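Read off the chains here:
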Amino acid sequence: LPMTASLDAYAGRYANTVIPEGLAVTVEEGRLWAKLGLMRASLEHWHADTFLLRAEGRLETGWEDLVTFHFDGRRRIVGLSAQRTRALQDMKLLP
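Scope of this entry: the structure provided in the associated data block. (Residues numbered from 1 in each chain as written. Predicted model: local features only at pLDDT ≥ 70, side-chain atom pairs only at ≥ 80, totals over all residues. Heavy atoms only, no water.)

On a plain count of helices and strands, the protein chain comes out with one helix and eight strands. Element order for the protein chain, N to C, with α for helix and β for strand: α-β-β-β-β-β-β-β-β. In terms of overall dimensions, the protein chain is globule-like: its C-alpha atoms have a radius of gyration of 12 Å, near the 12 Å expected for 95 residues. Based on the C-alpha atoms only, the size of the protein chain along its principal axes is roughly 40 × 30 × 25 Å. A total of 95 residues make up the protein chain; the buried ones form 38% of that total. Partitioning the contacts of the protein chain with sequence separation of at least 6, the portion at a separation of at least 24 is 29%. Of the roughly 5,900 Å² of accessible surface on the protein chain, 54% is carried by carbon and sulfur atoms. Put simply, the protein chain has 12 plus and 12 minus side-chain charges, and the middle of one group is 4 Å from the middle of the other. (Helix = DSSP H or I, 4+ residues; strand = E, 2+ residues; numbered from the N terminus. Rg over C-alpha atoms; globule rule 2.2 N^0.38 Å. Buried < 20%, exposed > 50% of the residue type's maximum accessible area, 1.4 Å probe, protein only. Contact = heavy atoms within 4.5 Å. Areas by Shrake-Rupley, 256 points an atom, 1.4 Å probe, with all protein chains shown as cover. Lys, Arg positive; Asp, Glu negative; His and termini not counted. Charge placed at Lys NZ, Arg CZ, Asp CG, Glu CD.)

Mapping H70 onto the fold places it in strand β6 (residues 64-71). The spatial distance from the C-alpha of H70 to the C-alpha of L93 is 9.6 Å, given a sequence separation of 23 residues.

Of all hydrophobic cores here, the largest spans 20 residues; its most connected members are L23, L43, F69 and L80. Elements that contribute at least two residues to this core include exactly β2 (23-28), β3 (31-36), β4 (39-47), β5 (50-56), β6 and β7 (77-82). Beyond its immediate sequence surroundings of up to four residues, L43 is in contact with V25, L32, W33, A34, F51, L52, L53 and V67. (Core = buried A, V, L, I, M, F, W, Y, C linked by side-chain atoms within 4.5 Å.)

Think of a pair of aromatic rings as described by two things: how far the centres are apart, and how the planes are tilted against each other in angle. One pass over the full model with this rule turns up four aromatic pairs. Centroid distance Y14 to F69: 5.7 Å. Interplanar angle 70°. Geometry classified as edge-to-face. With Y14 in strand β1 (residues 12-15) and F69 in strand β6, this pair connects stretches of sequence that are 55 residues apart. We classify Y14 as buried; its relative accessible area is 0%. One aromatic cluster is present, built from ring pairs that chain together Y10, Y14, F51 and F69. Its guanidinium or amino end placed over the ring of W33, R40 lies 3.8 Å from that ring's centre, counting from NZ or CZ. (Phe/Tyr/Trp six-rings, centres within 6.5 Å; stacked < 30°, edge-to-face > 60°. Lys NZ or Arg CZ within 6 Å of the ring centre and 35° of its normal.)

So, on to the pattern of salt bridges. A side chain of one charge can pair with a side chain of the opposite charge when the charged atoms of the two come close. Enumeration over the complete set of coordinates arrives at four salt bridges. E28 is the partner of R40 in a salt bridge, and the nearest nitrogen-oxygen pair spans 3.3 Å. With R40 in strand β4 and E28 in strand β2, the pair connects residues that are twelve residues apart, well separated along the chain. Given the relative accessible area of 32%, E28 is considered partly exposed. With its nearest N and O atoms 2.7 Å apart, the salt bridge here joins E64 to R54. Residue E64 is located in strand β6, and its partner R54 is located in strand β5; the two are separated by ten residues in the primary sequence. (Salt bridge = Lys/Arg side-chain N within 4 Å of Asp/Glu carboxyl O.)

Listed below in structure tokens is the structure:
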């Protein structure tokens, strides 16, 4: 299935109680990227509103997870959750 929203709609800062400073999701050169501290990861479209997160850099090589964006009743993105990485679960989009 295709993405529900445009790439720009997924961009923003997402936070939870584990990572209150937030995970930054940006659009660069037509692709989604996630950044947390020094960690940078690509977000490649997988299925519908799920993306494959692939970390880059020496320390994160091989770290992958599926990240799904969540919508409210008005079809606005309100958060995201990673499938396996507990620290990236139940993240809310910050205003």
